Amino acid sequence: MRHHDTLMRAVRNTTHGGPRLLEIQRVARPERAPGEVLVEVHAAGVAYPDVLQSRGEYQLRIPLPFTVGCEFAGRVVEADEDSGFAPGDRVIGVAGSGAFADYVVTPADRVVPLPDQVDFVAAAAMPINVFSADFALVERGRLQPGETVLIHGAAGGLGIALTQQAKLHGARVIAVVSTPEKAELARRVGADETISPYDFLSETRRLTGGRGVDMVLDPVGGERFTDSLRALAPRGRLLVLGFTGGSIPTVRVNRLLLTNTTIIGVAWEGLMPVSSVSLPEQWGRLAEHVLDGALTPVISEVVSFEHAPDAVAELDERRTTGKIVVRVRE
Ligand SMILES: NC(=O)c1ccc[n+]([C@@H]2O[C@H](COP(=O)([O-])OP(=O)(O)OC[C@H]3O[C@@H](n4cnc5c(N)ncnc54)[C@H](OP(=O)(O)O)[C@@H]3O)[C@@H](O)[C@H]2O)c1
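Conventions we followed
- Residues numbered from 1 in each chain as written.
- Predicted model: local features only at pLDDT ≥ 70, side-chain atom pairs only at ≥ 80, totals over all residues.
- Heavy atoms only, no water.
- Helix = DSSP H or I, 4+ residues; strand = E, 2+ residues; numbered from the N terminus.
- Rg over C-alpha atoms; globule rule 2.2 N^0.38 Å.
- Buried < 20%, exposed > 50% of the residue type's maximum accessible area, 1.4 Å probe, protein only.
- Contact = heavy atoms within 4.5 Å.
- Pairing = 2+ DSSP bridges.
- Right-handed = clockwise from strand over helix to strand, strands pointing away.
- Phe/Tyr/Trp six-rings, centres within 6.5 Å; stacked < 30°, edge-to-face > 60°.
- Near = heavy atom within 4 Å.
- Polar contact = N/O pair within 3.5 Å; in protein donor to acceptor, adjacent residues only side chain to side chain.
- Areas by Shrake-Rupley, 256 points an atom, 1.4 Å probe, with all protein chains shown as cover.
- Nonpolar A, V, L, I, M, F, W, Y, C, P; charged D, E, K, R; others polar.
- Axes fitted to C-alpha atoms, helices over the stretch in contact; angles between N-to-C directions.

Focus: the overall build of the chain
Within the chain, the secondary structure is distributed over 10 helices and 16 strands. Here the C-alpha radius of gyration of the chain, 20 Å, is about what a compact globule of 330 residues would show, namely 20 Å. Across the 330 residues of the chain, 53% fall into the buried class. For the chain, the share of sequence-separated contacts (at least 6 apart) that also reach a separation of at least 24 residues comes to 68%.

Written out as structure tokens, the structure is:
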């Protein structure tokens, strides 16, 4: 192969200076090691780890300079013969970094087959949110049909995936959202009721006849946390998913004893080099619902490759309502 054939476009972090200092450069195509797949990227989702990586604040430390981007949809170019993947296969997947580029390399167990019916742009908006929601509800929360769940940040990327999947499991979903537009979005993706963060405790009690909910899913944290515990029925469980509200809450544990409450931490580790999650196993639960449209993500914007750094900045500045996807190949 001639040298220029091995060069590709990539969104590079060279300074840890934040999204605005990400640069599009031409760099060598990554080389695949045994156990990895080389994928031609068609579309990549913009996710919160991209913001953190652009400042060097992500838990996974990657030496400068490097290519950002954590989730993608594309076609396999090279894979081990016994990997289950062959050149040309359509896949979606995740990588610790490197997805905002023409080609990405990732371990073969971090990609799963993508059905022909799902286009690359829709698929690229799914991996982190869809897999994290499944992990939270099934593996950590053990959600049962007929249970009632309260979802904070329900119109956010993760909140939408949680709402869609909780409905598929036969739960009743009460969505906590801060604006009428977000309420409309939450209802559109399946929420049974929407309430405001400012009086969610009294509203939850009203909607559940004073009993409370079986499960709270909380990607927000902050000030709401104690009222979230109060919103639980006896033997309820609260899943800790994130802290978009800013502060990390603390809890007086006597509260847990009095009501047989369980607090469950949730970290979907698909981006980590060593991980306890299994994408193929999760895909076994999810693929049919990706096909029947029940997990269709809400995409606010599709941008060209040149605009990938701006898209990461938009997410950082909280100017997005749905998912932004970077179209890498036409
Ligand atoms: N644990 C895991 O495995 C896992 C997996 C994926 C994501 N996460 C985490 O989950 C969190 C949510 O991710 P996401 O992609 O859904 O984010 P997102 O799309 O930005 O949504 C976050 C939601 O949080 C709410 N919020 C409350 N206070 C806020 C504040 N001060 N600033 C901004 N938003 C605020 C907003 O809803 P309202 O305005 O309606 O309140 C917003 O819609 C992130 O912290 C992410 O890192 C965790």
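Don't stop here, the text continues.
Focus on the pairing of strand β10 (residues 172-176)
Along β10, 4 of the 5 residues are buried, which leaves the element largely enclosed by surrounding structure. Direction of pairing for strand β9 (residues 148-152) relative to β10: parallel, over a ladder of 5 bridges. Bridging across to β10, Val-149 finds its partner in Val-173. Chirality of the crossover, the property in question, places the unit of β9, helix α4 (residues 157-168) and β10 among those that are right-handed. As judged from the 3 bridges shared by β10 and strand β11 (residues 193-195), these two strands associate in the parallel manner. Counted as the bridge partner of Val-176 is Ile-195 from β11. Viewed along the sheet, the connection from β10 through helix α5 (residues 180-188) into β11 turns out right-handed.

A short note on the packing of aromatic side chains
Under the criterion given, the structure shown has 2 aromatic pairs. Aromatic side chains Phe-131 and Trp-268 sit 5.6 Å apart centroid to centroid with 10° between the ring planes, which places their arrangement in the stacked category. Within this pair, whereas Phe-131 is found in helix α3 (residues 127-140), its partner Trp-268 is found in the loop between β14 (262-265) and α9 (279-291), the two being separated by 137 residues in sequence. A centroid spacing of 5.8 Å and a plane angle of 35° characterise the contact between Phe-131 and Trp-283, whose relative ring orientation is tilted. Of this pair, Phe-131 sits in helix α3 while Trp-283 is found in helix α9, placing the two residues 152 residues apart along the sequence.

Regarding the sheet that holds strand β1 (residues 7-13)
The strand order β2-β1-β4 describes an open sheet built from 3 strands, whose pairing is antiparallel. The sheet is open, and its two borders are formed by β2 (23-28) and β4 (66-67), each paired with just one other strand.

Details of the site of the ligand
What surrounds the ligand is a group of 19 residues, the closest being Leu-158, Ser-178, Lys-182, Val-266 and Trp-268. Separating an oxygen atom of the ligand from a backbone N or O atom of Leu-158 is a distance of 2.8 Å. Between the ligand and the protein, one listed contact pairs an oxygen atom with a side-chain N or O atom of Thr-244 at 3.0 Å. Notes on the ligand: free accessible area 910 Å², of which the protein chains cover 74%. Looking at the shell around the ligand residue by residue, the class counts come to 9 nonpolar, 7 polar and 3 charged.

Side note on the sheet that holds strand β13 (residues 232-240)
Here we have 6 strands laid out as an open sheet, ordered β11-β10-β9-β12-β13-β14, and parallel in their pairing. If you trace the sheet from one side to the other, it starts and ends with β11 and β14, each paired once. When strand polarity is set aside, the average angle formed by the axes of neighbouring strands in this sheet is 20°. Across the sheet, helix α6 (residues 200-207) touches β9, β10, β11 and β12 (213-218), and the angle it forms with β11 is around 155°.

Points about the pairing of strand β16 (residues 323-327)
By the criterion of burial, β16 is predominantly enclosed, with 4 of the 5 residues buried. In this sheet, β16 lies alongside strand β3 (residues 36-45) in antiparallel orientation, the contact comprising 3 bridges. Across the sheet, residue Ala-43 finds its bridge partner in β16, namely Arg-327. Looking at chain direction, strand β15 (residues 299-304) and β16 are connected through 5 bridges and run parallel. Of the residues in β16, the one forming a bridge with Val-302 is Val-325. For the segment spanning β15, helix α10 (residues 308-316) and β16, crossover handedness is right-handed.

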